[in-house]
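Structural overview for review
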Amino acid sequence: MKVSRKDFIKGMLLGSAGVAVTSQLGFMTFSISGTNSIKAIVIDYSKCTGCRTCEAVCSASNHPVSVAGEALPGAGNPDFSNIKVWHFNPPLDIPVTCFLCEDAPCIAACPVKPDTVTGRKALYRDDVFQTIQNDLNRCIGCQSCADACREERGGVIFPDDLGQPQRMCTLCQGNPQCVKFCPYEALSFLEITPDMPLRMMTPEKINQLLAEAYYQ
Amino acid sequence: MKFGINGQLLEVDLTTRTISRRAIPESYFEAFFGGRGLGMRLLYDYLPGSGTDPFSPENPLLFVPGLLCGFPFPSASRTCMVTKSPITSPFKKKSTYASTVSYSNMGGFIGPEIKFAGYDAIVVTGKSEKPVYLFIEDDRSELRDAEKFWGMGTNDFDKAIMDELGDRRFETAYIGPGAEHGVLFGSVLNTAARAAGRGGTGSVMGSKRLKAIAVRGTGMPPIGRHKAYTDLLKKTRVSFMADSESKNDWRYGGTANAIEFSSNRGSQAVKNYAEGSFVGVKNINADAARQQVWKRDLACYACQLACKKSGFAKGAYGGVVHEGIEYETGTMLGANLMIDDLNGLHTLIELADDYGIDIISLGNVLGFLTECREKGLITNDFLDGIELQWGQVAPALEMIHKIGRMEGVGRVASQGVRHLAELIGQHSSDFAIHVKGHELAAWNVNGYAKSIGMSYTTANRGACHMNGGKPKGQDQSALRDSVGICSFAASWYRDDLHPAMLINAITDSNISISDYDKVGERIFNLEKLMNFREGFNRQDDVLPERFFKDAHTIGPQKDVLISRAEFELIMDEYYAERGWNPKSSRPEEEKIKMLGLDFVQL
């Protein structure tokens, strides 16, 4: 991802301690930094109605098209979305996008050796927004990251035909469109704290916990 | 049209087990859009002619997403089921199987997914030897064994098919045991509760031994004018997002808001339409449901209204999870049966949806039989000992089991009120509430003959409450069903967000408002011509006797009766405005030509 100077400075302001450590220690960052400064999409499952507007706007925002030289949002094909709404029976709609897990099991699972200069594996945490990024040149397409995410967390990584990880939340460069356009105010862009419920687990697990709360 | 459409249909012959892709002529989209309109145009092509047995392999069953389906405009999620009706018939039969066209609309997620998979319609013909389901994943499609799913309730099936597919991104639509057994008013459901309930489209699906379709798509049709599309999409979203009373009402109570509203104005179906107001209405209204049963608000694809509610009923019937109540379901199984036990009502709705039977027709059948029993026209033996009584949940539950399984009295009850009245006789046809054999919905007629009364009598699928009373309104209703916009969201789509502008941007067309309106008129008249071909004429456009004879005894429409002479005058005006011959009912040549419907062979 290309980061503009302005974005970089904004990122520094958001969490300078975290950023400083990231560049040296890769995924080990945030427990060390002491101040938790990751902002992520936080979902209020009590408000979601399952309309999937977030999928359409995410897709449009992250897959722009060029029309007569002008960059425009894409059509909104939900298949390209980095947020997915999983529908369950009894009726529960579970939107899940990258939790930006503090311990990032996806990066832990990446078998590519950390770069001696940057400390980064092929999968790494972006300096500015702490999003999960993939270095296309170093990724070997083994899909270990996707497996780890699916087994332990939200299952948000969908590898492409070459096995390259896709669909990790970009936070739309600090202005997440899903949050902006969620008609039900179910999505927020918040600094994450350890006490936030229903994070860093599989959609099935979230569904199970919610089903117990709603339908028993 | 070159943009905004896939231009393809998937043709499935269940007899020969062949599946093929076929191009849909561009002119079909221009003249009929998608959904109901395109479905009717294709129905005309696929039907061998008039008099086709609705349950024969020759009767096609179509799944047709609206033209805008798949583009994330709020509420543009509607899919139309189209086929030849197994329920309706004219007074004077030209042939054994004469029946009207049938269409039934559902929201949810199946329509967009069909578009994503690359199709504008799925056309199913033939009849499978064994139960199957149709599997579609983009280009790949096949018929899969559904023997193990046959007989399964819709709720269990909804879960079981997900386990089999192993991917929650699939969308499914399916029938329940009712339609499998041959109940005439079988529905097609998706997400276990969103039903294309009316007109027996599920029954046709059952006759073909097609349990379900399961669809997963990853594509999207190309957009004609991308910038205009982007701007319109944003404008539409922002317009919906603005705080409005209408939006808040939909979110609060959905259609259930109308339960009390309708009772207060005397327009509710109560006690088999004998009354228009319900004394127990406060026990089953939206406030009660919100306090006692509803748990979550649910929206269809990209919709901002979330009018659907999931509920959890406790009490005598145990923990029942289901979506509901709505105006139609809550009235037809509540007020119309004088039932005001909210948990019981919720359970009745769940059971009916689990059997996959249309709750509107079902509520009529139960109301009609309860009245017959009360009047002593049938014995307890006729009802297999089920003591149907106003206000009683338990016998109604028993009766739904009988109908859903087509056991005993269920065999005749599953054929609708007209068949029951023919069987029972003794003037019971006076209070068998149907038009052309299709039962009326939850809006009562006395006091509202001009609007809802006309809507029922002149609808092309038999009684229909979504049809509208006047030609212009009816054409707009046909347009909504064809564009795929939900009628509940229609008030947002006007002026600079008029559907014609959306269509122009997406398909790169230059359709004027009058072109657009003409498409609606064309669709309605094509349906009418197909019905005329079957032998339907003006004498079939008639209201049940009850509305001319029995006035309500309570409420604001108390003592109001419809005058036969007055109603005929309204019908005269209607026929004149339509350009239909007032006697023969045939659309005049000039009208047929003007609408470009001269291809129809009468």
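Source: prediction; values computed, not measured. (Residues numbered from 1 in each chain as written. Chains lettered and ligands numbered in written order. Predicted model: local features only at pLDDT ≥ 70, side-chain atom pairs only at ≥ 80, totals over all residues. Heavy atoms only, no water.)

Digging into the packing of helix H14 (residues 359-374) of chain B against helix H15 (residues 393-405) of chain B
All names here are of chain B. Using the following cut-off: Only the contacting stretch of a helix is used when fitting its axis, a line to C-alpha atoms as for every element, and angles between N-to-C directions run 0 to 180 degrees. Helix numbering and strand numbering both begin at the N terminus, where a helix is a DSSP run of H or I of at least 4 residues and a strand a DSSP run of E of at least 2. Angular relationships are summarised with four words: roughly parallel below 35 degrees, roughly antiparallel beyond 145, roughly perpendicular across 65 to 115, and oblique for the angles in between. Each crossing is labelled by how the near helix is turned from the far one, with a counterclockwise turn of less than a right angle marking it left-handed and a clockwise turn marking it right-handed. Contact between two residues is taken to exist if any of their heavy atoms lie within 4.5 Å; hydrogens are not considered.
The interhelical angle for the contact between H14 and H15, taken along N-to-C directions, is 120°, at an axis separation of 11 Å. Considered as vectors, H14 and H15 are oriented oblique to each other. The chirality of how H14 crosses H15 is right-handed. Two secondary-structure elements touch here, H14 through Leu362, Val365, Leu366 and Leu369 and H15 through Ala396, Met399, Ile400 and Ile403.

Here's the deal with the confidence of the model for chain B
What counts is decided by this rule: One confidence number per residue, pLDDT, is output by the predictor and ranges from 0 to 100.
Scored by pLDDT, chain B comes out at a mean of 97, with 100% of its residues at no less than 70. Scored as a complex, the prediction yields pTM 0.95 and ipTM 0.97.

Overview of the nonpolar core
Short version of the rule: In this text, buried Ala, Val, Leu, Ile, Met, Phe, Trp, Tyr and Cys residues form a nonpolar core when linked through side-chain atoms within 4.5 Å. Three labels apply to residues, based on accessible area from a 1.4 Å probe with only protein chains included: buried if under 20% of the type maximum, exposed if over 50%, partly exposed otherwise in between.
Core analysis: the biggest nonpolar cluster contains 128 residues, and Ile94(A), Phe33(B), Phe73(B), Tyr229(B) and Ile503(B) have the highest contact counts within it. Of all the elements, helix H21 (residues 513-534) of chain B adds the most residues to this core, at 6 residues. Setting aside chain neighbours within four positions, we find Ile503(B) in contact with Met1(B), Phe33(B), Leu67(B), Leu68(B), Val483(B), Asp508(B), Ile511(B) and Tyr516(B). Counting 85 residues, the second-largest nonpolar core is a separate cluster that includes Leu337(B), Cys372(B), Ala442(B) and Phe524(B).

Brief notes about the sheet that holds strand E3 (residues 61-65) of chain B
All names here are of chain B. How we decide: Here, a strand pair is defined by DSSP locating no fewer than two bridges between the strands.
Strand order in the open sheet formed by 6 strands is E2-E1-E6-E3-E4-E5, and the pairing between neighbours is mixed. A single partner strand is all that each edge strand has here, and the edge strands are strand E2 (18-23) and strand E5 (101-106). Each adjacent strand pair in this sheet contributes to an overall mean axis angle of 20°, direction not counted. In the sheet, E3 pairs with strand E6 (residues 121-125) via 3 bridges, with the strands oriented antiparallel. Its bridge partner lying in E6, Phe63 is registered against Ile122.

A word on unusual backbone geometry
Here the residue pair Asn89(A) and Pro90(A) is connected by a cis peptide bond, since its omega of 0° sits within 30 degrees of zero. When you line up the elements, Pro90(A) lands in the loop between strand E4 (84-88) and strand E5 (92-96). Omega for the bond connecting Gly324(B) with Ile325(B) falls within 30 degrees of zero, at -10°, which places this linkage in the cis form. Relative to the helices and strands, Ile325(B) resides in the loop between strand E15 (320-323) and helix H12 (327-332).

What to know about the interface of chain B and chain A
Short version of the rule: Salt bridges are identified by distance alone: a Lys or Arg side-chain nitrogen within 4 Å of an Asp or Glu carboxyl oxygen. Definition of a polar contact: a pair of N or O atoms within 3.5 Å, with one able to donate and the other able to accept a hydrogen when the atoms are protein atoms, and with sequence-neighbouring residues admitted only if both atoms are side-chain atoms. Basically, the charged four are Asp, Glu, Lys and Arg, the nonpolar ten are Ala, Val, Leu, Ile, Met, Phe, Trp, Tyr, Cys and Pro, and anything else, Gly included, counts as polar.
Listed as interface residues are 44 residues of chain B and, on the opposing side, 40 residues of chain A. Linking chain B with chain A are 3 salt bridges, by the criterion used here. Among the salt bridges present, the one from Asp79(A) reaches Arg216(B), with a minimum N-O distance of 2.7 Å. Counting across the interface, chain B meets chain A through 21 residue pairs in polar contact (both at pLDDT 80 or more). Put simply, the parts of the chain that give the side of chain B that touches chain A at least two residues each are helix H3 (110-116), helix H4 (154-165), helix H7 (226-241), strand E13 (294-298), strand E14 (308-313) and E15 of chain B. Element by element, the count of residues in the side of chain B that touches chain A is highest for H7(B), at 7 residues. Class assignment for the residues of the side of chain B that touches chain A results in 18 nonpolar, 9 polar and 17 charged.

Examining the sheet that holds E15(B)
Residue and element names in this part refer to chain B. Spatially, E13-E14-E15 is the arrangement adopted by the 3 strands of the open sheet, whose pairing is antiparallel. Strands at the two margins of the open sheet, each flanked by one partner only, are E13 and E15. Ignoring which end each strand starts from, the neighbouring axes of this sheet average 15° apart. With 4 bridges joining them, E13 and E14 adopt antiparallel strand pairing. Bridge pairing in E14 places Trp294 opposite Gly311. Those strands touched by helix H13 (residues 342-355) are E14 and E15, and its axis lies near 70° from that of E15.

Remarks on the pattern of salt bridges
Close approach of charged atoms allows side chains of opposite charge to pair. According to the stated counting rule, one finds 45 salt bridges over all chains in the structure shown. The partner of Glu568(B) in a salt bridge is Arg538(B), and the shortest N-O contact between them spans 2.8 Å. On the criterion of sequence distance, the pair formed by Glu568(B) in helix H23 (residues 564-578) and Arg538(B) in the loop between H21 and helix H22 (546-549) is long-range, its members being 30 residues apart. Through salt bridges that share partners, Arg52(A), Glu55(A), Arg169(B) and Glu171(B) make up one connected network.

Considerations on the confidence of the model for chain A
In low-pLDDT regions, the fine details of the predicted coordinates are not to be read closely. When the pLDDT values of chain A are averaged, the result is 87; 83% of them are 70 or greater. Throughout residues 1-35 of chain A the model reports pLDDT below 50, and contacts reaching past four residues in sequence, or to other chains, amount to 47 contacts.

Some remarks on the side chain of Ser99(B)
Residue and element names in this part refer to chain B. Among the structural elements, Ser99 can be located in the loop between strand E4 (79-84) and E5. By relative accessible area, Ser99 is classed as buried at 2%. Of the polar contacts made by the side chain of Ser99, one reaches the side chain of Lys84; its length is 3.0 Å. Residues contacting Ser99, with those up to four places away along its chain left out, are Pro54, Lys84, Ser85, Thr88, Glu534 and Phe536.

So, the packing of aromatic side chains
Residue and element names in this part refer to chain B. The condition that has to hold: By convention, a stacked pair of Phe, Tyr or Trp rings (six-membered ring in the case of Trp) has centres within 6.5 Å and planes under 30 degrees apart, an edge-to-face pair has planes over 60 apart, and any other such pair is tilted. Comment: the charge-over-ring label is applied if NZ (Lys) or CZ (Arg) is within 6 Å of the ring centre and within 35 degrees of the ring normal.
Inspection of the entire model under this criterion finds 23 aromatic pairs over all chains. An angle of 80° between the planes, with centres 6.4 Å apart, marks the rings of Phe109 and Tyr301 as edge-to-face. With Phe109 in the loop between E5 and H3 and Tyr301 in the loop between E13 and E14, this pair connects stretches of sequence that are 192 residues apart. Assigned by exposure class, Phe109 and Tyr301 land together as buried. Pairwise contacts between aromatic rings join Tyr133, Phe149, Phe157 and Tyr174 into one cluster. Sitting over the ring of Phe599, Arg41 keeps its end group 3.9 Å from the ring centre. The ring centre of Phe431 lies 4.2 Å from the NZ or CZ of Lys375, which sits over that ring.

Focus on the packing of H21(B) against H23(B)
For any two helices packed against each other, the geometry is given by the interaxial angle and the distance between the axes. All names here are of chain B. Between H21 and H23, the least distance of the axes is 12 Å, while the angle of their chain directions is 115°. When the interaxial angle is binned, H21 and H23 end up roughly perpendicular. Where H21 abuts H23, its residues Glu521, Phe524, Asn525 and Lys528 lie against Tyr574, Tyr575 and Arg578. Of the residues belonging to the contact of H21 with H23, the class tally is 3 nonpolar, 1 polar and 3 charged.

Some thoughts on the pairing of E2(B)
All names here are of chain B. Sheet topology note: the strand E1 (residues 8-13)/E2 ladder contains 6 bridges and is antiparallel. By the bridge assignment, Glu11 is partnered in E2 with Ser20. Adjacent in sequence and paired antiparallel, E1 and E2 are bridged by 4 residues, among which Arg17 carries a positive phi angle near 55°.

Concerning H15(B)
All names here are of chain B. Applied cut-off: One less than the number of residues in a helix, times 1.5 Å, gives the span that helix is expected to have.
If you check H15, its first and last C-alpha atoms are 19 Å apart, about what 13 residues at 1.5 Å a residue would give, namely 18 Å. For H15, every residue scored as buried is listed here: Val393, Pro395, Ala396, Leu397, Met399, Ile400, Ile403 and Gly404. Against the buried residues of H15 lie helix H5 (177-181), H13, H14 and helix H16 (409-413). Directly beyond the C-terminal end of H15, a positive phi value near 50° is found at Met406.

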